[in-house]
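# Inside the fold
Now for the letters of each chain:
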Amino acid sequence: QVTLRESGPALVKPTQTLTLTCTFSGFSLTINGMSVSWIRQPPGKALEWLARIDWDDDTYYTTSLKTRLTISKDTSKNQVILTMTNMDPVDTATYYCARIRRDGFNRYYFDYWGQGTLVTVSS
Amino acid sequence: QSVLTQPPSASGTPGQRVVISCAGGSSNIGSNIVNWYQQLPGAAPKVVIYSSIKRPSGVTDRFSGSKSGTSASLAISGLQSEDEADYFCATWDDSLRGHVFGTGTKVTVL
């Protein structure tokens with residue numbers, strides 16, 4: 001059974017760095033074709049994809065936040081970590097991690113999601 | 001400022017058919033498959049259509065997807081109260097080299 005769970009601070013101050021951890025089970029990020037992404041959703045707004053890390057350590061970032069994001073993995077702990085620097089109140093959102101499933105070449109979809117963690121940025 | 005545009009809302013009475021559109025461009029929908037996610041209030045998103053037309057195991061066949069050119073659609077037939085949710089389209093963008101989501105559509109069952 002595949003599960004993902006996000007963890008991290010519920011409240012961060014402006015300019016601080018946010019570190020979120022996605023702990024997963026039921027699959028391994030060492031297997032060819034596996035990937036995990038981070039996605040966020042401000043209250044009442046749309047989903048926004050943030051970053052992705054593949055089994056072979058390839059990483060991808062949303063263009064608008066690329067300079068502030070770092071995604072990494074610890075395969076021994078079955079974890080994917082996202083850091084976001086210089087947090088601002090507009091970064092207040094529920095942050096989700098999700099597994100990516102491949103349905104053939106260049107065909108991806110998010111098949112399992114964590115329950116999300118709400119991060120509020122306020123002084 | 002999503003690259004995929006959806007109507008903000010759609011509605012229908014029980015039993016009706018509702019269609020949600022997702023408009024993109026040549027570098028995203030025009031070149032890649034589209035996935036659709038349902039988000040019930042207070043819950044994480046759940047995939048209801050992947051690879052433009054496929055339904056995951058366990059998803060009702062009242063959901064169907066289609067794609068033509070740079071647009072895609074999600075149809076919900078036999079609308080039920082449990083279908084009341086937000087729906088998001090998503091795909092890969094070759095120019096941005098990243099995943100992109102649509103602006104989202106709130107479906108209301110009247």
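Described in the following lines is the structure provided in the data block.

Here the focus is the overall build of chain B. Looking only at helices and strands, chain B has zero helices and nine strands in total. For chain B, the C-alpha radius of gyration of 13 Å lies close to 13 Å, the compact-globule estimate for 110 residues. Each principal axis of the C-alpha atoms in chain B carries an extent, and together these give about 40 × 25 × 25 Å. Within chain B, buried positions represent 49% of all 110 residues. A sequence separation of at least 24 residues applies to 57% of the contacts in chain B between residues at least 6 apart. Taken as a whole, chain B presents about 4,800 Å² of accessible surface, with 48% of it coming from carbon and sulfur. Distance from the positive charge centre (8 side chains) to the negative charge centre (7 side chains) of chain B: 6 Å.

Attention now moves to the state of the cysteines. Residues and elements named next belong to chain B. Summed over all chains, the structure comprises two disulfides over all chains. Note on cysteine connectivity: Cys 22 is disulfide-linked to Cys 89, with sulfurs 2.0 Å apart. Residues Cys 22 and Cys 89 are joined through a disulfide that is right-handed, its torsion about the S-S bond being 70°. Of this pair, Cys 22 sits in strand β2 (residues 18-23) while Cys 89 sits in strand β7 (residues 85-93); the two residues are 67 residues apart in sequence, bridging distant segments of the chain. Like Cys 89, Cys 22 is buried.

Residue-level contacts link 23 residues of chain A with 22 residues of chain B. Summed over the three residues of chain A that lose the most area to chain B, namely Leu 47, Trp 49 and Tyr 109 of chain A, the buried surface amounts to 28% of that side. Between chain A and chain B we count one salt bridge in total. The salt bridge partner of Asp 103 of chain A is Lys 54 of chain B, with a shortest N-O separation of 3.0 Å. Put simply, chain A and chain B have eight residue pairs in polar contact (both at pLDDT 80 or more) between them. Elements with a contribution of two residues or more to the side of chain A that touches chain B: β4 (35-41), β5 (48-54), β9 (93-102) and β10 (108-113) of chain A. Looking at the side of chain A that touches chain B element by element, the count peaks at five residues for β10 of chain A. Of the residues belonging to the side of chain A that touches chain B, the class tally is 11 nonpolar, six polar and six charged.

On to the sheet that holds strand β6 (residues 71-76) of chain B, then. All names here are of chain B. Within the open sheet, the three strands sit side by side as β2-β6-β5. Their pairing is antiparallel. The strands lining the two open edges of the sheet, one partner per strand, are β2 and β5 (63-68). Here the strands of the sheet are splayed against their neighbours by 20° on average, with no regard to which way each runs. Relative to β6, β5 runs antiparallel, the two being bridged by six bridges. Residue pairing for β6: Gly 65 is matched across the bridge by Leu 74.

Glancing now at the packing of aromatic side chains. As enumerated under the stated definition, the model contains 11 aromatic pairs over all chains in all. When the centroid spacing of 6.1 Å and the interplanar angle of 40° are considered together, the rings of Phe 63 of chain B and Tyr 87 of chain B count as tilted. In this pair, Phe 63 of chain B is assigned in strand β5 and Tyr 87 of chain B in strand β7, connecting sequence segments 24 residues apart. With a relative accessible area of 3%, Phe 63 of chain B lands in the buried category. Directly above the aromatic system of Phe 27 of chain A lies the positively charged group of Arg 99 of chain A, at a separation of 5.1 Å from the ring centroid.

With that settled, the discussion passes to the nonpolar core. If you look at the biggest cluster of nonpolar residues, it comprises 28 residues, and the most contacted ones within it are Trp 38, Leu 50, Val 80 and Tyr 95 of chain A. Looking at this core, the elements with two or more residues in it are β3 (18-25), β4, β5, β7 (69-74), β8 (79-84), β9 and β11 (117-121) of chain A. The dominant element in this core, judged by the number of residues it contributes, is β3 of chain A, at four residues. Look past the residues within four positions of Leu 50 of chain A in its chain and what remains in contact with it is Trp 38, Ile 39, Arg 40, Tyr 60, Tyr 61, Thr 62, Leu 65, Leu 69, Leu 82, Met 84 and Tyr 95 of chain A. Counting 22 residues, the second-largest nonpolar core is a separate cluster that includes Ile 29, Val 34, Trp 36 and Leu 79 of chain B.

How each quantity is defined
Residues numbered from 1 in each chain as written. Chains lettered and ligands numbered in written order. Predicted model: local features only at pLDDT ≥ 70, side-chain atom pairs only at ≥ 80, totals over all residues. Heavy atoms only, no water. Helix = DSSP H or I, 4+ residues; strand = E, 2+ residues; numbered from the N terminus. Rg over C-alpha atoms; globule rule 2.2 N^0.38 Å. Buried < 20%, exposed > 50% of the residue type's maximum accessible area, 1.4 Å probe, protein only. Contact = heavy atoms within 4.5 Å. Areas by Shrake-Rupley, 256 points an atom, 1.4 Å probe, with all protein chains shown as cover. Lys, Arg positive; Asp, Glu negative; His and termini not counted. Charge placed at Lys NZ, Arg CZ, Asp CG, Glu CD. Disulfide = S-S within 2.5 Å. Buried area = accessible area lost by both parts, 1.4 Å probe. Salt bridge = Lys/Arg side-chain N within 4 Å of Asp/Glu carboxyl O. Polar contact = N/O pair within 3.5 Å; in protein donor to acceptor, adjacent residues only side chain to side chain. Nonpolar A, V, L, I, M, F, W, Y, C, P; charged D, E, K, R; others polar. Pairing = 2+ DSSP bridges. Axes fitted to C-alpha atoms, helices over the stretch in contact; angles between N-to-C directions. Phe/Tyr/Trp six-rings, centres within 6.5 Å; stacked < 30°, edge-to-face > 60°. Lys NZ or Arg CZ within 6 Å of the ring centre and 35° of its normal. Core = buried A, V, L, I, M, F, W, Y, C linked by side-chain atoms within 4.5 Å.

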